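What follows is the residue order along each chain.
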Amino acid sequence: MHDNTEPKVAAWRRWLAHLWYMWGGSLTYWGLRTADVSFFHAADGAYSRAIALWSDFSGAYFQRGIIRERELGQRIAGIRDLSRAIELSPEWPEPYLRRGLILRFHGNPHEAIADLERYLELSGDSSWRDEAERQIAALRAEC
């Protein structure tokens, strides 16, 4: 998780935000394990509480964006959260990949290509590199 540490935010607030973030991760796990959407709603709430405590917590925006788009069907809210994670941590590759894949299948193909290319620039040798390259090639063939 890549966060911009903002000195204006008290250490206790960052600590508590991390606790809510971890709780959100636990709820997400149980949602995936049981396929019970109520866990995802609770995880969304936990990530939102983390963000309320620390508005520049890019990891919480990232996780909430994934939950909102993938598990709760809130595509626009998910993209907005992933965009905020990118704004806060522009050198973190994963939000570009996630947003790029969402845009690839549900949005603007040109923006998807830009996000996936940025992911490739930042990610180095990652396990998702081949998939990002395949998606870019497919998008270019479609455009």
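Look up a bit, the structure's there.
All values derive from a computational prediction rather than experimental measurement. (Residues numbered from 1 in each chain as written. Predicted model: local features only at pLDDT ≥ 70, side-chain atom pairs only at ≥ 80, totals over all residues. Heavy atoms only, no water.)

1. Some points on the overall build of the chain
Heads up, the condition is: Helix and strand definitions here come from DSSP, where helices need a minimum of 4 consecutive H or I residues and strands a minimum of 2 consecutive E residues; each element is numbered from the N-terminal end. Put simply, the radius of gyration uses C-alpha atoms, and a globule should come to 2.2 Å times the residue count raised to 0.38. For the exposure calls, accessible area comes from a 1.4 Å probe over protein chains only, and a residue counts as buried if that area is under 20% of its type's maximum, exposed if over 50%, partly exposed in between. Two residues qualify as a contact provided that any one of their heavy atoms is within 4.5 Å of a heavy atom in the partner residue. Counted as positive: Lys and Arg. Counted as negative: Asp and Glu, with His and the chain ends omitted from the count. Taken as the charge location is NZ of Lys, CZ of Arg, CG of Asp or CD of Glu.
Helices and strands together make up the secondary structure of the chain, namely seven helices and zero strands. Secondary structure elements of the chain occur, N-terminal to C-terminal, as α-α-α-α-α-α-α. Compactness check: the chain gives a C-alpha radius of gyration of 16 Å against a globular reference of 15 Å for 143 residues, within 12% of the reference. Looking at the chain as a whole, 44% of its 143 residues are labelled buried. For the chain, the proportion of contacts with a sequence separation of at least 24, taken over those separated by at least 6, is 52%. The positive charge centre, built from 18 side chains, and the negative charge centre, built from 20, are 5 Å apart in the chain.

2. Some details on the packing of helix 4 (residues 75–88) against helix 5 (residues 93–106)
As a reminder of what qualifies: Axes, fitted as lines to C-alpha atoms, cover a helix only where it is in contact. Angles between the N-to-C directions of the axes lie from 0 to 180 degrees. The cut-offs work like this: below 35 degrees is roughly parallel, past 145 is roughly antiparallel, 65 to 115 is roughly perpendicular, and the gaps in between are oblique. Should the near helix be turned anticlockwise from the far one by less than a right angle, the crossing is termed left-handed; should it be turned clockwise, right-handed. Side-chain classes are defined by residue name, with Ala, Val, Leu, Ile, Met, Phe, Trp, Tyr, Cys and Pro counting as nonpolar, Asp, Glu, Lys and Arg as charged, and the others, Gly among them, as polar.
Viewed as axis vectors pointing N to C, helix 4 and helix 5 meet at an angle of 150°, and their least axial separation amounts to 9 Å. Judged on the interaxial angle alone, helix 5 and helix 4 are roughly antiparallel. Relative to helix 5, helix 4 is oriented so that their crossing is left-handed. Counted together, Arg75, Ile79, Leu82, Ser83, Ala85 and Ile86 of helix 4 and Pro95, Tyr96, Arg98, Arg99, Ile102, Leu103 and His106 of helix 5 form the full contact between these two elements. Residues of the contact of helix 4 with helix 5, tallied by class, amount to eight nonpolar, two polar and three charged.

3. Description of the packing of aromatic side chains
Going by this rule: Under the pairing criterion, centres of Phe, Tyr and Trp rings, with the six-membered ring standing for Trp, must be within 6.5 Å; the plane angle then separates stacked pairs below 30 degrees from edge-to-face pairs above 60, leaving the rest tilted.
One pass over the full model with this rule turns up five aromatic pairs. Here the aromatic rings of Tyr21 and Phe57 are separated by 5.2 Å at their centres, their planes lie at 35°, and the arrangement is tilted. Of this pair, Tyr21 sits in helix 1 (residues 11–34) while Phe57 sits in the loop between helix 2 (37–53) and helix 3 (58–71); the two residues are 36 residues apart in sequence, bridging distant segments of the chain. Judged by relative accessible area, which is 15%, Tyr21 ranks as buried. Taking the relative accessible area as the measure of exposure, Phe57 reaches 0% and is therefore buried. Between Tyr29 and Trp30 the ring centres are 5.2 Å apart and the planes differ by 85°, which places this aromatic pair in the edge-to-face class. Residue Trp30 is classed as partly exposed on the basis of its relative accessible area of 39%. Three or more aromatic residues joined by ring pairs form one cluster here, namely Tyr21, Tyr47, Trp54 and Phe57.

4. Examining the environment of Arg104
Applied cut-off: Definition of a polar contact: a pair of N or O atoms within 3.5 Å, with one able to donate and the other able to accept a hydrogen when the atoms are protein atoms, and with sequence-neighbouring residues admitted only if both atoms are side-chain atoms.
Within the fold, Arg104 resides in helix 5. Here the alpha-carbon distance between Arg104 and Ile136, two residues 32 residues apart in the chain, equals 8.8 Å. In this structure, Arg104 is in contact with Ala112, Gln135, Ala138, Leu139 and Glu142, ignoring residues within four places of it in sequence. Only 2.6 Å separates the side chain of Arg104 from the side chain of Gln135, close enough to count as a polar contact.

5. Concerning the packing of helix 5 against helix 6 (residues 109–123)
The geometry of a pair of packed helices is captured by two quantities: the angle between their axes and the separation between those axes. Two numbers describe how helix 5 lies on helix 6: the axes approach to 8 Å, and their chain directions differ by 155°. Classified by the interaxial angle, the pair formed by helix 5 and helix 6 is roughly antiparallel. With respect to the hand of their crossing, helix 5 and helix 6 are arranged in left-handed fashion. In this structure, helix 5 contributes Pro93, Glu94, Tyr96, Leu97, Arg99, Gly100, Leu101, Leu103 and Arg104 to the contact, and helix 6 contributes Glu111, Ala112, Asp115, Leu116, Arg118, Tyr119, Leu122 and Ser123.

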